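One letter stands for each residue in the lines below.
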Amino acid sequence: MELFPRTDFLRQDSVTRGPCLRINLREMGANMNMITIRRPDDWHVHLRDGDMLRSVVAHTARQFARAIVMPNLSPPVTDIRAGRAYRDRIVDALPEGMAFEPLITCYLTDGTDPNDLARGFEEGVFTAAKLYPANATTNSAHGVTDIANIEQALARMAGIGMPLCVHGEVTDAQIDVFDREKVFIERILAPLVERLPALKVIFEHITTEDAVRFVEEAGDTVAATITPQHLHINRNAMLAGGIRPHAYCLPVAKRERHRLALRGAATSGSPKFFLGTDSAPHTREAKENACGCAGIFNAPYALESYAAVFEEEGALDRFEGFTSEYGARFYGLPLNEETVRLEKRNCPVPETIDAAGAAIVPFHAGETLGWKFVG
Ligand code: NCD
Ligand code: ZN
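Here the structure is a predicted model, which is why all the values come from computation and not from measurement.

What counts as what
- Residues numbered from 1 in each chain as written.
- Chains lettered and ligands numbered in written order.
- Predicted model: local features only at pLDDT ≥ 70, side-chain atom pairs only at ≥ 80, totals over all residues.
- Heavy atoms only, no water.
- Helix = DSSP H or I, 4+ residues; strand = E, 2+ residues; numbered from the N terminus.
- Rg over C-alpha atoms; globule rule 2.2 N^0.38 Å.
- Buried < 20%, exposed > 50% of the residue type's maximum accessible area, 1.4 Å probe, protein only.
- Areas by Shrake-Rupley, 256 points an atom, 1.4 Å probe, with all protein chains shown as cover.
- Lys, Arg positive; Asp, Glu negative; His and termini not counted.
- Charge placed at Lys NZ, Arg CZ, Asp CG, Glu CD.
- Donors = N, O, S within 2.8 Å, 3.2 Å for Na, K, Ca; no water.
- Axes fitted to C-alpha atoms, helices over the stretch in contact; angles between N-to-C directions.
- Parallel < 35°, antiparallel > 145°, perpendicular 65-115°, else oblique.
- Left-handed = near helix turned anticlockwise from the far one by under 90°.
- Contact = heavy atoms within 4.5 Å.
- Pairing = 2+ DSSP bridges.
- Salt bridge = Lys/Arg side-chain N within 4 Å of Asp/Glu carboxyl O.
- pLDDT = per-residue confidence, 0-100.

Comments concerning the overall build of the protein
A tally of helices and strands in the protein yields 14 helices and 16 strands. Against the compact-globule benchmark of 21 Å for 375 residues, the protein has a radius of gyration of 20 Å, which places it among compact chains. For the C-alpha atoms alone, the extent of the protein along its principal axes is close to 55 × 45 × 45 Å. Here the protein holds 375 residues, and 56% of them are scored as buried. For the protein, the computed accessible surface area is about 15100 Å², with 48% contributed by carbon and sulfur atoms. The protein carries 40 positive and 50 negative side-chain charges, and their two centres are separated by 2 Å.

Next up, the structure:
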């Protein structure tokens, strides 16, 4: 990462990335008005399909070079043919001249054929496979009902180095919604990692201190993505002073101590934690509803949102690793060569964004962020 103004003193410190730089950045205060980083990638995004896809894809493609695109369409992307077709639809939906590489994931079901899955990875159609426990979240009805049903597929993935993206929540009605991630670690994830230590696992959109600790203590084959919303809000944002559906996503935001643990992990410089927005657009009507959909649309100001967190934590020197390096390394993909910039200036976030002829309320709606993505 380059920090402006480019003084020798700063450049030297940005290589060592020690605590010294952080103190220096604070001292530089107002002079620190631009960040230049390698173009980042989004390791977890929902781009949807049809009109919604055409409306939202540019928001992600503007900031990110590549993205791991979630397969929870209706019907879900469960085989090679559907994977290729979805990739083509995403590329077709991109505005003229916009470079962006969608990395497609295969939605695992009880009936996933291990051979088809492996072939999809080897032919470059699928970058990873996604485990949704059945009914854990939006469009997951076809998900896996018992992990034993995909054991052979997982073993095959471990053998060929195909990463597994995990929605880490149990769906047991007996388990409190706020405990579902923790119980998933105990019942499913820890035993899985022990059974298949070679399997690359991305524990996605983690929301708890328990998940942070689990990932830190696991081997190098286990990493996690962290969303902007889980770094900014705790459950009060959703429930205090009225019910606020635009702060509702899955896994739900937890207590403050969990948010603080996530901020610690994201800004720690550990390569096990990297950017995954989980941007999940739903129309305003679908959110402001007696049974509102889970999902926060954060793509339009994703980098600005993460930058605010890193600045508040005095960790801008660790921003680039989180946004642009650790994820690609974990997936075994090359780092992007081009760079992008954020400027220190007011970035007002609109109340709504038009999409597919409807309004979507973005994350941070009506707020003003302190950094602006300038490309
Ligand atoms: C996602 C969606 O809407 O597809 N919603 C969400 O709250 N994150 C699904 C998911 O990732 O759980
Ligand atoms: Zn998601």
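Digging into the coordination of the zinc ion (ligand 2)
Each protein donor to the zinc ion (ligand 2) is listed here as His 44 (NE2), His 46 (NE2) and Asp 278 (OD); together their distances run 2.0 Å. Of note, the donors binding the zinc ion (ligand 2) are all from one chain and are spaced H-x1-H-x231-D. Taken together, the residues His 46 in the loop between strand E3 (42–45) and helix H3 (50–63) and Asp 278 in the loop between strand E10 (273–275) and helix H12 (284–287) connect sequence positions 232 residues apart. No difference in accessibility class separates His 46 from Asp 278, as the two residues are buried.

Remarks on the packing of helix H5 (residues 114–122) against helix H6 (residues 151–160)
The geometry of H5 relative to H6 is characterised by a closest axis approach of 9 Å and an angle of 30 degrees between their N-to-C directions. As far as their axial angle goes, H6 and H5 are roughly parallel. For the element pair H5 and H6, the recorded crossing hand is right-handed. Facing H5, whose interface residues are Pro 114, Asn 115, Leu 117, Ala 118, Phe 121 and Glu 122, H6 presents Gln 152, Ala 153, Arg 156, Met 157 and Ile 160.

Concerning the pairing of strand E11 (residues 339–343)
With burial as the criterion, only one face of E11 is covered, namely that bearing Val 340 and Leu 342; the residues Thr 339, Arg 341 and Glu 343 on the opposite face remain uncovered. Of the strand pairs in this sheet, strand E2 (residues 34–38) and E11 are connected by 5 bridges, and their pairing is antiparallel. Bridge pairing in E11 links Thr 36 to Arg 341.

Notes on unusual backbone geometry
Residue Pro 75 is reached from Ser 74 by a cis peptide bond, and omega for that bond is 0 degrees. For Pro 75, the location among the structural elements is in the loop between strand E4 (66–69) and helix H4 (80–93). Geometrically, the link from Leu 250 to Pro 251 is a cis peptide bond, its omega value of -5 degrees lying close to zero. Mapped onto the fold, Pro 251 is located in the loop between helix H10 (236–239) and helix H11 (256–266).

A look at the sheet that holds strand E9 (residues 222–226)
Paired through backbone hydrogen bonds, the strands of a sheet run either parallel or antiparallel to each other. Read from one edge to the other, the open sheet built from 8 strands follows the order E3-E4-E5-E6-E7-E8-E9-E10, with strand pairing classed as parallel. The strands lining the two open edges of the sheet, one partner per strand, are E3 and E10. Across the sheet, the axes of successive neighbouring strands diverge by a mean angle of 30 degrees, strand direction being ignored. Helix-sheet contacts for helix H8 (residues 209–217) involve strand E8 (201–203), E9 and E10, and the interaxial angle to E9 is about 145 degrees.

Side note on the pattern of salt bridges
Counted under the stated rule, the structure contains 20 salt bridges. Put simply, Arg 257 and Glu 209 hold a salt bridge, and the shortest N to O gap is 2.5 Å. Placement of Arg 257 in helix H11 and of Glu 209 in helix H8 is noted, with a sequence separation of 48 residues between them. A residue is classified by how much of its surface remains accessible, and Arg 257, at 46% relative accessible area, is partly exposed. By relative accessible area, which is 26% here, Glu 209 ends up partly exposed. One salt bridge in this structure joins Arg 263 and Glu 313, with 2.7 Å as the shortest N-O distance. Here Arg 263, found in helix H11, pairs with Glu 313, found in the loop between helix H13 (302–312) and helix H14 (319–331); they are 50 residues apart in sequence, far enough to count as distant. For Arg 263, a relative accessible area of 5% corresponds to the buried category. Salt bridges linked by common partners bring Arg 84, Asp 116, Arg 119 and Glu 123 together as one network.

A look at the confidence of the model for the protein
In low-pLDDT segments, the atomic positions of the prediction should not be examined closely. Scored by pLDDT, the protein comes out at a mean of 93, with 92% of its residues at no less than 70. Taken as a whole, residues 3–31 scores under 50 in pLDDT and shows 41 contacts with residues more than four places along the chain or in a different chain.

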